[in-house]
Every structure is written in C-alpha cells, then in structure tokens.
Amino acid sequence: MADARRRFLKSGGRMIPERIDLFLAGIRSDKCRRLLDRWDANTVPASYAWLRTYAVNTKHVVDFVPADIATAPVQVGTLALGEDMPETLGFKASLTIDEDGTLDGIGGWFECELGGGVRMTNSPLARTAIRRHQIFLGFDAPMDVAAGDIVEVSVKLNHRNNVVAWNARDPRTGRMLRYSTWASMPMSRSERLKPSLAPRIVNF
C-alpha cells in the first residue's frame, strides 16, 4: 500500500479504505482448544506428538461465535493507510475477565473505515459483519482466570516475513507466556541461522 500510494496517488487523493482499527479479546472455545490439542489425540502416533508445538505456535484462521468471546474487545491500534507504517507493528491490551473460567487464547479482528463514514467489520459480535475470518492465537494450556482478573497481552507482527508473536501474563502466577509463528515454520537449522534472517529473529 505504501508503494502504491507513493507512485500512483495524486496530491490530495484518498486511500480506500482509509484506515483499519484492530481489536483483541480473550477467547474461551472448545473448538479453538481442539485446534491446539489435535496432535495429542489417541489416534496420532507418539512419534508425531512434537507437532503440537507447531499447532500452538500457529496463527489460526477461525470463525468465532459470540459465545467464544470471553472478555470485552479492546481496540489496540489503527492502521492509517494514507501514512507510512513501521515494518513491525506492536499492540498491547489489558483484557478484563468478567467471570470465573479459563482462557484458551487471544482473538483478533478489524473494523474498517472505507471512506465517507462507510464502515465494515468482521467482528463476531457485529450484526452486520462481513463474511471474513478472524484470527486465533492460542495458549499451550487453558489459563485459569477469575472475575476481575486483568490479563495483559501483546501482539507483534512483521509484514515482510509474516511472523506473528504474542505474549500473555498469567494474572494468577505472574508467568509470561510467549509464542511465535517462527516456531511453527518448517525450516532446517541452517535456514533458521541464515545471516539475512538474524535481525528479524531478534525482534521476536
């Protein structure tokens, strides 16, 4: 978008869409938990159990229903498509727990300003949502939470190498959970250690 804007947009022209607001929320979902645990199934040979790490560190494309949303959504950032954006984007949110239970991970979606006040969203809570998937970033094990707890989460994404990293602090123990799609990329050891990739690895 930045390249297209510099080369093609006339002075005073407008980008469509103009901006994208990004939202995060806590997720409690049996369906999403199965995405993370499927390599633990009795039908999977033990020699493949290591693939569970790949499943946990994957950005899953899902379709949430309202019952999956366990916290109030928090707007974490805005992408102004008429402006230059950094290569790596970082977002943070404090998710407030409404009732005792567990969290399986973080969900994300967008609300888009097309222009002139016309908006569209893929929010699972919107009555007029477009048919576009949402994103699920999971936790290795369900996180026990109680009403009133605040779960601090952060997400980083890099547009050039498509790496997504997410962290969450367990409010009960203070332990920081760290995940990254880097850990789910099928690469040889030599590929991971290429000098050209080293600066990007440091970011995550």
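Predicted model only: the values in this text are computed from it and were never measured.

Thresholds, definitions, all that
- Residues numbered from 1 in each chain as written.
- Predicted model: local features only at pLDDT ≥ 70, side-chain atom pairs only at ≥ 80, totals over all residues.
- Heavy atoms only, no water.
- Phe/Tyr/Trp six-rings, centres within 6.5 Å; stacked < 30°, edge-to-face > 60°.
- Buried < 20%, exposed > 50% of the residue type's maximum accessible area, 1.4 Å probe, protein only.
- Helix = DSSP H or I, 4+ residues; strand = E, 2+ residues; numbered from the N terminus.
- Core = buried A, V, L, I, M, F, W, Y, C linked by side-chain atoms within 4.5 Å.
- Contact = heavy atoms within 4.5 Å.
- Salt bridge = Lys/Arg side-chain N within 4 Å of Asp/Glu carboxyl O.
- Polar contact = N/O pair within 3.5 Å; in protein donor to acceptor, adjacent residues only side chain to side chain.

Focus: the packing of aromatic side chains
The full count for this structure, using the stated rule, is four aromatic pairs. Between the aromatic rings of tryptophan 50 and tyrosine 54, the centroid separation amounts to 5.5 Å while the plane-to-plane angle is 85°, which identifies the pairing as edge-to-face. Taking the relative accessible area as the measure of exposure, tryptophan 50 reaches 48% and is therefore partly exposed. Consider the rings of tryptophan 166 and tyrosine 179, whose centres lie 5.9 Å apart with planes at 25°: the pair is stacked. Pair noted here: tryptophan 166 is in strand β9 (residues 164-169) and tyrosine 179 is in strand β10 (residues 176-180), with a separation of 13 residues, a long-range link. Tryptophan 166 sits in the buried class, given a relative accessible area of 0%. Overall, the relative accessible area of 11% leaves tyrosine 179 in the buried class.

Here's the deal with the nonpolar core
Counting residues in hydrophobic clusters, the biggest one holds 40 residues, and the most contacted among them are Phe64, Leu103, Phe139, Met143, Val151 and Val153. Per-element tally for this core: the top contributor is strand β1 (residues 19-27), with six residues. In contact with leucine 103, other than residues within four places in its own chain, are Gly26, Ile27, Arg33, Ala70, Ile97, Phe139, Ala141, Pro142, Met143, Val145 and Val151.

Looking at the pattern of salt bridges
This model, assessed by the stated rule, comprises 15 salt bridges. Among the ionic pairs, arginine 14 bridges to glutamate 18, the shortest N-O distance being 2.4 Å. A salt bridge links arginine 28 to glutamate 99, with the nearest nitrogen and oxygen atoms 3.5 Å apart. A residue pair is termed long-range when its members are at least 10 positions apart, and arginine 28 in the loop between β1 and α2 (30-37) and glutamate 99 in the loop between β4 (88-96) and β5 (101-115) qualify at 71 residues. With a relative accessible area of 47%, glutamate 99 lands in the partly exposed category. If you follow the salt bridges from partner to partner, you end up with Arg33, Asp37, Asp40, Arg52, Asp104 and Asp140 in one network.

Let's talk about the side chain of asparagine 122
On the secondary structure map, asparagine 122 appears in the loop between β6 (118-121) and β7 (134-145). Within polar-contact distance, the side chain of asparagine 122 engages the backbone nitrogen of phenylalanine 110 at 2.8 Å. Setting aside chain neighbours within four positions, we find asparagine 122 in contact with Trp109, Phe110, Ala129, Ile130, Arg132, His133 and Gln134.

Structural measurements only, silent on function.
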